[in-house]
Amino acid sequence: MLDPAAPQLVVNARTVLFSWLPADPDAVAALVPAALRPHADHQVFLCQYVVDDETQTSGFGAYSLSFLGVSLADMEPPDGDTPGGWWTHYLASSPRVRQYASARGAPAEAGETLVDVRGGRLVAETWADGRPLIQVTARVGHTGTEAHNGHHRYLTERDGELIVADYPYVAEPVSPFEVESVEFLAPEHPVYALRPANPLQICWGFYSPRVSFAYPARPNALDEPLSTGDPVAAAHQVPARRARSGLPSGS
């Protein structure tokens, strides 16, 4: 088993990441712990990616992953305007990745993700228990000279403590990128609560055939949470005693 406190690097993952407004905002809000607040418009985010070869990771090996969750208020990373997010589902193909992520508080379960691009059309699918859960179709172009970089902030819970981690990334997005449909195919599955509104309303997102990112090293719990303005972009824990009473902005 990988040491969950050790950092891990992934390079050149084929990645779709975007958010939408949900069909049932109340159901989405119910998935967020009481210590946190959903974003004002109850945005839901989805990331689907594939790592094709073991040489693209520092220890994970080849794998695929879909994670979903709820965007949060006052949880932006220090250097970005993308909302921080609460992971509600984390479906990974690799047992090694699931064990590592679970030890960090992610709700990791088994799943498969497929990302296929042909003739300017992207189809990304998330599978679990031998059935498709989500299918995304989008119109995509080609990469150019533009690159995105920064940090994405995600929150999890482990042993009663909220854990906040900032994940550095570099992406080469394609242009154009236009999501055409997001279909949730299994109404009986818990992920169905995050389905999008009709008509589909996309908030932000991109597709890139080359995204590199890191799972940061995780120190011990800090006495004081880091603020949004702190230049240190590192994982940190929010002690349970603070989690129960609420979190300060940007922690």
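- An unreviewed UniProt entry annotates the protein chain as Acetoacetate decarboxylase of Micromonospora chersina.

**As for the packing of aromatic side chains**
Line of reasoning, step 1. Per the stated rule, a full pass over the model turns up 19 aromatic pairs.
Line of reasoning, step 2. Centroid distance Tyr49 to Phe213: 5.4 Å. Interplanar angle 75°. Geometry classified as edge-to-face. With Tyr49 in strand 2 (residues 44-51) and Phe213 in strand 12 (residues 202-215), this residue pair connects regions lying 164 residues apart in the sequence. Residue Tyr49 shares its accessibility class with Phe213, and that shared class is buried.
Line of reasoning, step 3. An aromatic cluster is built from Phe45, Tyr49, Phe60, Tyr63, Phe67, Trp87, Tyr90, Tyr100, Tyr154, Tyr167, Phe213 and Tyr215, whose rings are joined through pairwise contacts.

**Quick notes on the nonpolar core**
Line of reasoning, step 1. In terms of nonpolar packing, the biggest core is built from 36 residues, with Phe18, Leu36, Leu122, Ile134, Val136, Val182 and Phe184 touching the most fellow members.
Line of reasoning, step 2. Where this core is concerned, the elements lending two or more residues are strand 1 (8-20), strand 2, strand 3 (63-71), strand 4 (85-92), strand 7 (121-128), strand 8 (131-143), strand 10 (161-171) and strand 11 (174-184).
Line of reasoning, step 3. Among the elements that take part in this core, strand 8 stands out by supplying five residues, more than any other.
Line of reasoning, step 4. Beyond its immediate sequence surroundings of up to four residues, Val182 is in contact with Phe18, Trp20, Ile134, Gln135, Val136, Pro196 and Leu200.
Line of reasoning, step 5. Tyr49, Val97, Phe206 and Tyr215 belong to the second largest nonpolar core, which has 29 residues in total.

**Describing the pairing of strand 1**
Look at any regular strand and the pattern is simple: side chains alternate between the two faces of the sheet.
Line of reasoning, step 1. One ladder, built from 10 bridges, connects strand 1 with strand 12; its direction is antiparallel. Across the sheet, Val10 pairs through a bridge with Phe213, a residue of strand 12.
Line of reasoning, step 2. As paired strands, strand 1 and strand 2 are joined by seven bridges and run antiparallel to one another. Paired with Phe18 across the bridge in strand 2 is Leu46.

**Concerning the pattern of salt bridges**
Line of reasoning, step 1. Enumeration over the complete set of coordinates arrives at nine salt bridges.
Line of reasoning, step 2. Its salt-bridge partner being Arg158, residue Asp159 comes within 3.1 Å of it at the nearest N-O pair.
Line of reasoning, step 3. Residues Glu172 and Arg210 are paired through a salt bridge, measuring 3.2 Å at the closest nitrogen-oxygen approach. Note that Glu172 is positioned in the loop between strand 10 and strand 11 and Arg210 in strand 12, a separation of 38 residues in sequence.
Line of reasoning, step 4. The class of Arg210 is partly exposed, set by a relative accessible area of 30%.

**Observations concerning helix 2 (residues 95-103)**
One turn of an α-helix holds 3.6 residues; hence residues three or four places apart share an orientation.
Line of reasoning, step 1. Buried within helix 2 are the following residues: Val97, Tyr100, Ala101 and Ala103. Relative to the axis of helix 2, the buried residues are bounded by an arc of 160° and lie together on one face.
Line of reasoning, step 2. At the N-terminal boundary of helix 2, the capping side chain belongs to Ser94, with an oxygen 3.2 Å from the backbone nitrogen of Arg96.
Line of reasoning, step 3. Two residues or fewer past helix 2, Gly105 is found with a positive phi of approximately 100°.

**Some thoughts on the confidence of the model for the protein chain**
Line of reasoning, step 1. Here the protein chain shows a mean pLDDT of 88. Residues at 70 or above account for 86%.
Line of reasoning, step 2. Overall, residues 219-251 carries pLDDT values under 50, and its contacts beyond four positions in sequence, including any with other chains, amount to 64 contacts.

**Observations concerning the side chain of His42**
Line of reasoning, step 1. Its place among the elements puts His42 in the loop between helix 1 (25-29) and strand 2.
Line of reasoning, step 2. Within the structure, the side chain of His42 is placed 3.4 Å from the backbone oxygen of Ala40, a separation counted as a polar contact.
Line of reasoning, step 3. Setting aside anything within four residues of it in sequence, one finds His42 in contact with Trp20, Pro22, Pro25, Val28 and Ala29.

Basis of the calculations
Residues numbered from 1 in each chain as written. Predicted model: local features only at pLDDT ≥ 70, side-chain atom pairs only at ≥ 80, totals over all residues. Heavy atoms only, no water. Phe/Tyr/Trp six-rings, centres within 6.5 Å; stacked < 30°, edge-to-face > 60°. Helix = DSSP H or I, 4+ residues; strand = E, 2+ residues; numbered from the N terminus. Buried < 20%, exposed > 50% of the residue type's maximum accessible area, 1.4 Å probe, protein only. Core = buried A, V, L, I, M, F, W, Y, C linked by side-chain atoms within 4.5 Å. Contact = heavy atoms within 4.5 Å. Pairing = 2+ DSSP bridges. Salt bridge = Lys/Arg side-chain N within 4 Å of Asp/Glu carboxyl O. Arc of directions from axis to C-beta. Polar contact = N/O pair within 3.5 Å; in protein donor to acceptor, adjacent residues only side chain to side chain. pLDDT = per-residue confidence, 0-100.

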